[in-house]
Every structure is written in C-alpha cells, then in structure tokens.
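A closer look at the structure
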Number of protein chains: 2
Amino acid sequence: MALSTANSLSPSLPSKLASKQSEFLARIQSPHTIALRSPPSAPPSSLQLKRSGGSVLTASKVKSKICASAAPVMDQSVGEASSKVPTVVEVDLGNRSYPIYIGSGLLDQPDLLQRHVHGKRVLVVTNTTIAPLYLDKVTDALTRGNPNVSVESVILPDGEQYKNMETLEKVFDKAVQSRLDRRCTFVALGGGVIGDMCGFAAAAYLRGVNFIQIPTTVMAQVDSSVGGKTGINHRLGKNLIGAFYQPQSVLIDTDTLNTLPDRELASGLAEVIKYGLIRDAEFFEWQEKNMHKLMARDPSAFAYAIKRSCENKAEVVSLDEKESGLRATLNLGHTFGHAIETGFGYGQWLHGEAVAAGTVMAVDMSYRLGWIDDSIVKRVHNILRQAKLPNAPPDTMTVEMFKSVMAVDKKVADGLLRLILLKGPLGNCVFTGDYDRKALDDTLHAFCKS
Amino acid sequence: MALSTANSLSPSLPSKLASKQSEFLARIQSPHTIALRSPPSAPPSSLQLKRSGGSVLTASKVKSKICASAAPVMDQSVGEASSKVPTVVEVDLGNRSYPIYIGSGLLDQPDLLQRHVHGKRVLVVTNTTIAPLYLDKVTDALTRGNPNVSVESVILPDGEQYKNMETLEKVFDKAVQSRLDRRCTFVALGGGVIGDMCGFAAAAYLRGVNFIQIPTTVMAQVDSSVGGKTGINHRLGKNLIGAFYQPQSVLIDTDTLNTLPDRELASGLAEVIKYGLIRDAEFFEWQEKNMHKLMARDPSAFAYAIKRSCENKAEVVSLDEKESGLRATLNLGHTFGHAIETGFGYGQWLHGEAVAAGTVMAVDMSYRLGWIDDSIVKRVHNILRQAKLPNAPPDTMTVEMFKSVMAVDKKVADGLLRLILLKGPLGNCVFTGDYDRKALDDTLHAFCKS
C-alpha cells in the first residue's frame with residue numbers, strides 16, 4: 001500500500017539562511033514575482049452568511065467576500081448536517097458566475113439540480129465506484145416531478161490512471177450515440193478525475209455544452225470542482241490537455257462523504273491545508289485545533305472546512321480566472337506533486353498525497369531561501385502528520401525524475417520554472433521564477449536518494 | 001474519381017408552392033426564426049479600403065464595415081499581385097480581435113508573422129502535401145532576423161479522413177515532447193483540416209496557447225481560417241468535438257494558391273458563393289460575371305473574392321461569435337453537406353463539393369416551401385456549373401443516411417433540426433426549425449434513389 005511510505009521521516013532541515021531583508025523587498029517588486037499577503041483585518045461579519053432567523057440560512061445567493069484574516073469563528077449554521085437549506089458560495093465571473101451549494105441532504109432537493117439543467121437531455125458522467133452508490137439518487141433528483149428530462153449515463157473506470165484521451169472518448173461516444181444536442185447538460189458525479197474529464201468533455205462536445213458538478217470526494221468538494229479547470233493527463237505530464245470551462249453550478253452534498261474511504265478523505269485535506277498556508281492563516285490555525293475533528297468526520301467541522309475552502313477558491317478564481325498570476329498560488333506543492341504522480345505512475349498515490357509531499361518540499365525550499373522561519377516548517381509537518389498525509393515523496397523518486405517532469409509543468413514560461421513558495425509570516429506566498437536555483441537543487445537532493 | 005457524379009442532372013424542380021405572405025411575416029417574428037436581409041444601401045466608400053496614394057493600400061488596420069449592398073466595384077488595389085502591402089480585414093471581438101492580412105508575397109514579409117508570435121517557441125502544424133512546398137518558407141519567415149525564436153514542426157497526413165482524435169494526439173505528443181510552454185505559439189499551415197486541428201490543439205494544450213493561421217487553400221482562406229471554429233470529426237459526425245478559439249492573426253498569402261489543385265480551388269468557391277446567397281446579393285452578381293476569371297485563377301479576381309468573403313465572415317463572427325443565431329447562417333448547405341461527408345466517407349468528397357450539393361438541396365427545399373422563386377434556383381445551378389461543383393449528392397446517399405447524420409447535427413436543439421434556408425429576394429436567408437417537415441422529406445427523396 002502506497003501509504004506505507006507516507007509517514008517516513010522528513011530529511012533533516014537545513015540551517016536557516018541569513019535573512020535578506022533588502023532582497024526580500026526587491027523581490028516583492030520583481031515583475032516575475034507576485035506577492036500575496038493576508039489582507040488586513042475586516043469585520044468578522046464579512047465571513048458570516050446571512051441568517052433568516054434561528055439557525056436556518058437563507059438559500060439566496062450570498063456573495064463570497066471572504067477576508068482571510070476575519071475571525072475564525074466556527075459558523076455553527078453550516079455545521080448542522082440535518083439542515084436542508086444549503087450554504088451558497090458564489091463564484092463571481094460576470095456572466096459566467098455560478099453558485100456552489102453546500103449542505104447535507106442536497107441530493108434530496110431536486111430543485112437545486114433542476115434549476116441549472118438546460119434542455120431536456122442530461123448525460124451523467126460517473127465511475128464504477130460512485131455509480132452503485134449515487135447514480136440512482138442523482139437520476140431521481142434530475143427527473144422527479146420533471147418527466148420531460150431524460151437521463152443517460154456513462155460509467156468510466158475509477159482512478160487517475162484513466163484520466164486520459166481514451167477514456168474521454170467514451171464520453172464523446174456516448175454523447176454522440178445518444179444524439180445529445182447543444183442544449184443538453186453534462187453532470188459530473190464523482191471525484192476530481194470525473195469532474196476534470198466531464199468538464200473537458202462538456203467544453204469540447206459540440207464546442208461547448210452546459211455542465212454541473214456534483215463532487216463526491218473532499219478533494220473535489222474543496223478544490224477541483226470549483227473554478228473551471230478541466231482536462232486530462234498526457235502520459236508525460238498531468239493536466240496538459242484541457243480547457244478553462246465553468247460549470248452552471250456545483251452541488252456539494254456533504255452526505256456523500258459518508259462513503260468516502262479514509263485515504264481519500266485525507267487526500268482532500270491536503271488542499272484544505274493549502275488554503276491556510278497560502279492565504280488564510282486564521283483558517284490554518286483553525287485546522288490545527290480541529291484536525292482531529294476532521295479526521296473523525298465530524299459533520300460540523302467538515303461543513304465549515306468545505307465552505308471556507310470554497311470561499312477562498314472562489315475569491316481567487318474570481319480575481320484571476322485564467323491563471324495569469326494569482327491563481328497559480330493555488331498550486332502550492334503541486335509542481336513537485338505532479339512530478340510524483342507522473343514519475344511514480346498515475347494512480348499510485350492519490351493527488352492529495354502527492355500534493356502533501358510536494359507541499360513539504362516547497363516549504364523546505366522556502367526555508368532554504370530564508371523566506372520563512374522554522375516554526376512554519378514544523379507546523380506544516382505537524383498538521384500533515386495529524387492528517388495522516390505523506391511528508392516526503394516515494395523512495396523511488398529521483399532528482400532526474402523530478403526535473404524531467406517539472407520541465408513540462410504549465411507554469412514554465414520561456415523555459416523558466418516558476419514556483420509557489422511561502423514567504424513571510426504564515427498565510428503569505430509568492431509565485432515566482434526569481435529564486436536561487438541552488439535551493440531547488442538542494443531540496444530535490446534532500447528528498448531523493450539519487 | 002468522385003467528381004464523375006458531380007454534374008449529374010438535378011432532379012426536376014417541384015412546382016412552386018402558393019405564396020403565403022401572411023405566414024412569411026409571422027415566421028419572421030417566430031422565436032425559432034432568425035431573418036437575415038441585405039441591409040439598405042450604404043455609401044460605396046464603406047466597402048473600400050483606405051488608400052495612402054496611388055494604388056498602395058495602407059497597412060494600418062482598416063475596420064471591416066462591409067455593407068452587403070455596397071457597390072460591387074472591383075477593388076483594383078487588392079488585385080495587384082505584385083503589391084507587398086497587405087489588405088487588412090479586422091475581426092472585431094473586443095480584446096480577442098485580430099487582423100486578417102491578405103495579399104501576394106506576404107510570406108516574404110517576416111514582420112507580418114513575427115509581430116503575432118508570443119514567446120520564443122513555435123510549433124508549425126502542417127501536412128505531407130504542404131510541408132514540402134511551404135514549411136521552409138514559413139520557418140524562414142518566423143526566424144529571419146529573429147534568432148531567439150526556435151521552430152518545431154509536426155507533419156500530419158493530408159485529408160479530412162485524418163481530422164480525428166488519433167491525429168490530434170500527434171500534435172499534443174510533439175508539443176509535450178518539445179516541452180513547449182504556455183508562452184509558445186502554434187502555427188496552422190495548410191487547408192481547413194489543418195487549421196481546425198491546429199486550432200483545437202492550441203485551445204486545449206495547457207488549456208490554451210496562442211496560434212496563427214496561414215491558410216493555403218481557397219476553402220481555408222475564405223472561410224475556415226476566420227472566426228475561431230476549431231475541432232475534429234467524430235466517426236458519426238463532422239466537427240462534433242472542438243472549441244471556439246480565436247487566432248492571433250490570419251495570414252493569407254494568395255501566392256499559395258498557385259500550387260492548389262483545380263478540384264481544391266473549386267471546392268473553396270462553394271463558400272464564396274454561399275456568402276452571396278445568404279447576405280450579399282451584389283457579391284453574388286459579381287461572381288456571376290467573374291466566375292470565369294476565378295476559374296482561370298485571375299489573381300486580381302481572387303484577391304477581391306477572398307477579401308470580400310473575409311469581410312462578410314468577419315462581420316458575422318463579430319456579431320455572433322458563439323453561434324447563438326446569426327452565425328449559423330454561414331452554414332447554408334452544410335447540414336446536408338456534412339451528411340454527405342459523413343455518410344459517403346470522410347475524404348471522398350472535398351468539403352466544398354459536399355457543401356455545393358448541400359446548397360442545391362437547401363435551395364430546392366426553400367423553393368418547395370415557397371420561400372424563393374425559381375430564378376434563384378436556376379442561378380444557383382448555373383453558378384455551381386460554372387465553378388464545376390456538384391449539384392446533387394453522390395448516388396449512394398440514401399434518405400436514411402441523410403436523416404441519421406442530420407440527427408446529430410450541432411444545429412439540432414431539443415430534438416428539432418434547424419436549417420439555413422433562403423427566403424425572399426437573393427441575399428436573404430433564415431435559420432429556422434419552423435418549416436414544413438414534408439418539404440424536407442420531399443427534398444431528400446428528390447435527391448436520393450432510396
């Protein structure tokens with residue numbers, strides 16, 4: 001089992017480099033560098049959703065105006081798993097804006113899905129693991145009281161190793177054979193792999209049809225289903241072929257986590273931790289105090305973690321949909337992580353496991369550069385340990401494997417590899433190609449035997 | 001040779017249906033119908049490009065503000081094949097606007113290409129026919145005086161039958177193996193098949209990189225290279241998988257037509273004729289008088305036909321980029337034509353040959369509906385005969401083959417097949433699902449033996 005290497009000891013930390021305050025400031029100004037800091041304090045109310053009385057949230061769309069340093073109070077209302085009124089986080093993209101519904105029992109509310117279905121034909125894209133669990137439920141939610149809608153489905157093999165052109169063609173084949181026209185709607189029912197493939201298929205089928213995301217894993221609920229990045233892997237690199245294509249809506253029924261294996265659950269937490277590290281120090285601190293609840297699948301804690309993650313993601317995507325800069329910061333640990341997934345073999349480690357190890361490497365490199373102090377390094381190790389996530393790449397990874405895959409990373413520009421690195425106090429990061437190459441080499445050698 | 005069936009006699013024309021003036025007006029108002037008429041007269045100057053003196057055109061971008069009924073005078077300046085100053089037609093799409101350069105010897109002007117290359121890496125996508133003719137010339141134009149730019153190329157097999165996922169993967173493979181990053185530029189060098197595939201590859205590679213079109217066929221120069229429709233065929237239907245994705249620029253060197261086979265040349269004229277029929281009566285009349293010059297490859301006549309076609313296309317695309325209505329009118333004859341291409345086998349007939357036969361069928365149906373008078377039917381037959389284009393589908397096509405392919409046409413909406421049909425005086429058409437199904441059946445049976 002791949003996780004046997006997950007908790008191997010991390011390499012010893014290098015001694016902290018001398019602080020370079022003047023260089024620090026200079027780099028903040030560099031055109032190759034985007035600095036991202038937690039914004040100044042804002043009233044706690046900016047984080048809280050409007051209540052219509054008691055503990056019931058209004059279902060009206062509430063604009064996500066999260067402020068990273070807002071008070072990290074627990075929003076009890078979203079934690080009430082029995083509530084049928086969803087929390088709504090809006091992704092603000094002009095005429096392509098859409099809502100993310102979060103809550104328990106949402107698949108029992110047909111209207112939430114049906115209001116976003118265009119046309120009379122629906123194609124549900126799912127996989128062999130999820131179909132037996134939720135396909136009937138989703139089909140019912142799409143058609144109950146709505147006999148004009150007909151639902152087709154295509155059931156793909158489960159796993160990152162199937163996120164390729166060959167599997168994608170099965171979706172196109174089903175759509176064409178079913179004679180779906182431009183007014184149809186694709187529904188992604190599953191984890192990140194299903195969402196990415198279904199989204200890309202929707203982007204390309206007839207040059208674009210509507211689609212809806214119903215993510216069923218923590219990974220998809222806190223990250224991949226939001227923001228419109230879709231695509232498939234190439235055998236030489238992850239997500240190299242795809243499209244920016246936004247869904248009509250994202251429906252997160254937190255009850256679907258009840259059937260999620262522990263390892264999948266932990267994998268998603270790697271992205272939750274990421275939001276804290278790159279832009280939301282208070283959320284990170286909340287996680288440090290509540291990770292045991294998340295690991296125990298406390299519904300209230302999970303609802304809060306999902307909502308706050310979606311708010312962070314929605315804000316970043318609204319500001320930089322096509323990843324011209326800011327959005328790249330969501331990829332903390334992903335450049336190293338993608339190298340692990342590609343080099344070690346798709347499907348060997350889960351995406352979040354690779355991201356966790358990649359985050360440790362990015363944090364290590366940030367520390368070698370003198371950009372963060374060792375307390376952050378320690379806190380990252382601690383929280384990953386709590387989440388039972390890896391803190392080092394698999395033993396078989398070599399420096400050359402990392403370098404070879406990282407060379408085709410999408411963040412390479414004119415031959416220069418840009419990385420997301422932490423810089424400054426907790427909750428701050430930079431996206432930059434302006435770093436000492438030796439630090440990268442040192443990190444790679446520290447984490448690889450050869 | 002496929003063209004042996006091209007000039008078979010058309011079926012006898014049905015007697016004209018009784019005129020239904022009140023129904024005509026009602027349909028113009030129908031939400032399923034988009035009426036498109038030639039606009040009222042405008043000053044002839046609206047068609048003419050700005051001159052900087054003598055016969056030399058200014059190279060500055062001249063907004064295409066074509067008016068379909070402007071005086072159809074020959075624009076001598078664009079006909080001067082020796083001129084090195086390009087005519088420029090602008091496609092107006094906000095921040096995705098781009099110029100179409102038209103003229104002789106443009107590939108000898110490196111600046112025209114280089115000004116639109118982003119980054120330092122270029123991938124030229126071409127085919128086995130075009131590569132020996134123009135790849136060196138294009139590579140030279142990309143790199144002359146510009147040693148920082150490196151050029152890779154991928155040479156695909158030539159023909160519509162290769163416009164599929166398997167061939168597309170060769171482009172991705174080359175791009176990934178060459179480690180091209182997001183700042184690279186793809187260049188499509190060839191006809192419509194190359195342009196469509198390279199454009200889709202550019203849309204999907206790393207979720208979108210820049211690309212430039214260098215069309216080398218009449219078909220691509222007057223139609224497919226302009227407007228951002230990209231994609232590949234599915235075995236069950238044409239262009240079912242793709243993207244709307246605009247190029248940085250389109251460079252039309254009319255000298256490339258010197259190497260174009262007669263059959264390919266005629267194929268492109270089907271689209272030229274289309275512009276006249278759907279929206280530009282004066283252009284159609286010009287073609288009636290000048291088709292012999294086009295068939296004799298008169299450079300002056302060709303330069304004018306290309307420019308005026310691009311102006312028509314640019315205007316339509318600017319008004320309706322994503323084909324929500326108006327743009328569909330550019331597909332006159334294409335629904336029948338796609339059925340021929342798919343049913344008869346990709347690559348058996350050229351696209352324009354199938355469109356020509358499809359146009360005859362659409363015109364026949366328009367006449368059966370009583371929407372046009374028989375003079376238009378005769379003029380369409382005459383001009384296609386002059387252009388040595390088919391005026392009926394291949395003998396092997398059956399009514400069932402047509403119906404089966406047309407059912408997956410992209411213009412089907414909620415099960416209703418919408419068609420582009422002529423209605424009213426020359427130069428007017430409608431895009432509608434509101435027609436008598438019997439007329440469609442009658443047309444199919446008139447053109448098929450079974």
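Bear in mind that the values here come from a model prediction, so they are computed numbers and not experimental data.

Cut-offs used in this document
Residues numbered from 1 in each chain as written. Chains lettered and ligands numbered in written order. Predicted model: local features only at pLDDT ≥ 70, side-chain atom pairs only at ≥ 80, totals over all residues. Heavy atoms only, no water. pLDDT = per-residue confidence, 0-100. Contact = heavy atoms within 4.5 Å. Buried < 20%, exposed > 50% of the residue type's maximum accessible area, 1.4 Å probe, protein only. Helix = DSSP H or I, 4+ residues; strand = E, 2+ residues; numbered from the N terminus. Buried area = accessible area lost by both parts, 1.4 Å probe. Salt bridge = Lys/Arg side-chain N within 4 Å of Asp/Glu carboxyl O. Polar contact = N/O pair within 3.5 Å; in protein donor to acceptor, adjacent residues only side chain to side chain. Nonpolar A, V, L, I, M, F, W, Y, C, P; charged D, E, K, R; others polar. Least-squares fit on C-alpha atoms with pLDDT ≥ 70 in both. Pairing = 2+ DSSP bridges. Axes fitted to C-alpha atoms, helices over the stretch in contact; angles between N-to-C directions. Parallel < 35°, antiparallel > 145°, perpendicular 65-115°, else oblique. Left-handed = near helix turned anticlockwise from the far one by under 90°.

**Considering the confidence of the model for chain A**
Residue and element names in this part refer to chain A. Residues at a pLDDT of 70 or more form 82% of chain A, whose mean pLDDT is 84. Confidence drops under pLDDT 50 across residues 1-83; counting only partners more than four residues distant or on other chains, this segment forms 176 contacts. Scored as a whole, the predicted complex attains pTM 0.82, and scored at its interfaces, ipTM 0.82.

**Digging into unusual backbone geometry**
Residues and elements named next belong to chain A. Positive phi is not limited to glycine here, since Glu323 has a value of about 60 degrees. Residue Glu323 is classed as buried on the basis of its relative accessible area, which comes to 8%. Phi at Lys388 takes a positive value of approximately 55 degrees, unusual for a residue other than glycine. Mapping Lys388 onto the fold places it in the loop between helix H12 (374-386) and helix H13 (399-406). Taking relative accessible area as the criterion, Lys388 reaches 56% and is therefore assigned exposed.

**Regarding the interface of chain A and chain B**
On the chain B side, the residues contacting the 39 residues of chain A number 39 residues. For the pair chain A and chain B, the two sides together bury roughly 3900 Å², of which 54% comes from carbon and sulfur. Summed over the shared surface of chain A and chain B, the result is 4 salt bridges. The partner of Arg235 of chain A in a salt bridge is Asp173 of chain B, and the shortest N-O contact between them spans 3.3 Å. At the surface where chain A touches chain B, the tally comes to 12 residue pairs in polar contact (both at pLDDT 80 or more). Among the secondary structure elements, those contributing two or more residues to the side of chain A that touches chain B are helix H4 (165-177), helix H5 (192-204), strand S8 (229-234), strand S9 (237-244) and strand S11 (412-413) of chain A. Looking at side-chain class alone, the side of chain A that touches chain B contains 17 nonpolar, 8 polar and 14 charged residues.

**Comments concerning the relation of the copies chain A and chain B**
Relative to chain B, chain A is turned by 180 degrees and slid 0.0 Å along the rotation axis, the superposed coordinates differing by an RMSD of 0.0 Å. A rotation of that kind, with that shift, is consistent with a two-fold axis. When C-alpha distances to the rotation axis are compared across chain A, the minimum falls at Met165 of chain A, with a value of 4.2 Å. Looking at the interface residues of chain A, 100% of them are also at the interface in chain B, so both copies use one shared face.

**Some words on the sheet that holds strand S3 (residues 98-103) of chain B**
Residues and elements named next belong to chain B. Strand order across the open sheet formed by 7 strands is S2-S3-S10-S7-S6-S4-S5, with mixed pairing between neighbours. Since the sheet does not close on itself, it has two edges, and those belong to strand S2 (87-91) and strand S5 (150-156), each with one partner. Averaged over all pairs of adjacent strands, the angle between strand axes in this sheet comes to 20 degrees, irrespective of strand direction. Of the strands in this sheet, strand S4 (121-127), S5, strand S6 (185-190) and strand S7 (210-215) touch helix H4 (residues 131-143), which is tilted by about 165 degrees from S4. Of the strands in this sheet, S2, S3 and strand S10 (249-253) touch helix H10 (residues 299-319), which is tilted by about 15 degrees from S2.

**A look at the packing of helix H8 (residues 262-279) of chain B against helix H9 (residues 281-295) of chain B**
Residues and elements named next belong to chain B. At their nearest, the axes of H8 and H9 sit 7 Å apart, and the two run at 160 degrees to each other. What the angle tells us is that H8 and H9 run roughly antiparallel. Of the two possible hands of crossing, H8 and H9 adopt the one that is left-handed. Facing Leu265, Leu269, Val272, Ile273, Tyr275, Gly276, Leu277 and Arg279 of H8, the residues of H9 in contact are Ala281, Phe283, Phe284, Gln287, Met291, Leu294 and Met295. Taken together, the residues that form the contact of H8 with H9 break down as 12 nonpolar, 2 polar and 1 charged.

**Examining the environment of Ala204 of chain A**
Structurally, Ala204 of chain A can be placed in helix H5. Residues Ala204 of chain A and Phe172 of chain A lie 32 residues apart in sequence; the distance between their C-alpha atoms is 9.0 Å. Sequence-distant contacts of Ala204 of chain A, that is, excluding residues within four places in its chain, are made with Phe172 of chain A together with Phe200, Leu240, Ile241 and Gly242 of chain B.

**With respect to the packing of helix H11 (residues 334-344) of chain B against helix H12 (residues 351-368) of chain B**
Residue and element names in this part refer to chain B. For the pair H11 and H12, the least separation of the axes is 7 Å and the interaxial angle reads 135 degrees. When the interaxial angle is binned, H11 and H12 end up oblique. As for the relative orientation of H11 and H12, their crossing is right-handed in sense. Between H11, through His334, Phe336, Gly337, His338, Ile340 and Glu341, and H12, the contact on the second element is made entirely by His351, Ala354, Val355, Ala357, Gly358, Met361, Ala362 and Met365.

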